[in-house]
Amino acid sequence: MNQNITLSAEKALIEQARRQAEAKNTTLDAEFRHWLEQYVQSPHASNEFEALMEQLNYAKAGNSFSRDEMNER
């Protein structure tokens, strides 16, 4: 079930956003719904980032590598 909300912004900004959405073959309403979904998921993204950083904690930041080490595959 959808629920309507009211937002306010500068008229020129809204018009620019509508043109941008139209150029992407979508609507401002659809773009907002997409943004809202991303916004709600963002806490999960930070948790995933922290988990990745934990997995990579063996890497020592600031170390220098030789040319051979950088080209090693």
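To start, this report covers the structure provided alongside it. From a predicted model like this one, the values you see are computed outputs, not experimental measurements.

Describing the overall build of the chain
Helix and strand counts for the chain stand at three helices and zero strands. Along its sequence from the N terminus, the chain presents helices and strands in the succession α-α-α. For a compact globule of 73 residues, the expected C-alpha radius of gyration is about 11 Å, and the chain comes in at 22 Å, more than 25% above that figure. Structurally, the chain occupies a C-alpha span of about 55 × 25 × 20 Å along its principal axes. Considering the chain as a whole, with its 73 residues, one finds that 1% of them fall into the buried category. Split by element, the accessible area of the chain, about 7,600 Å² in all, is 50% carbon and sulfur. Computed over 8 positive and 12 negative side-chain charges, the separation of the two mean positions in the chain equals 7 Å.

Some thoughts on the packing of aromatic side chains
Using the criterion set out here, one finds two aromatic pairs in the structure. For the pair W35 and Y39, a centre-to-centre distance of 5.1 Å together with 20° between the ring planes defines the contact as stacked. With W35 and Y39 both in helix α2 (residues 28-55) and four residues apart, this pair spans about one turn of that helix. Assessed through its relative accessible area of 45%, W35 is described here as partly exposed. Here a set of aromatic residues connected by ring pairs shows up, and it is made of F32, W35 and Y39.

What about the environment of D68?
Along the chain, the position of D68 falls in helix α3 (residues 67-71). A sequence separation of 26 residues divides D68 from S42, and the C-alpha atoms of the two residues are 39 Å apart.

So, α2
Over its 28 residues, α2 extends 39 Å from the first C-alpha to the last, a length consistent with the 40 Å expected when each residue adds 1.5 Å. Along α2, the sharpest kink reaches roughly 45°, centred on S42 and followed within four residues by the proline P43.

Parameters at a glance
Residues numbered from 1 in each chain as written. Predicted model: local features only at pLDDT ≥ 70, side-chain atom pairs only at ≥ 80, totals over all residues. Heavy atoms only, no water. Helix = DSSP H or I, 4+ residues; strand = E, 2+ residues; numbered from the N terminus. Rg over C-alpha atoms; globule rule 2.2 N^0.38 Å. Buried < 20%, exposed > 50% of the residue type's maximum accessible area, 1.4 Å probe, protein only. Areas by Shrake-Rupley, 256 points an atom, 1.4 Å probe, with all protein chains shown as cover. Lys, Arg positive; Asp, Glu negative; His and termini not counted. Charge placed at Lys NZ, Arg CZ, Asp CG, Glu CD. Phe/Tyr/Trp six-rings, centres within 6.5 Å; stacked < 30°, edge-to-face > 60°. Expected span 1.5 Å × (residues − 1). Bend = angle between axes of the 7 residues up to and from the residue.

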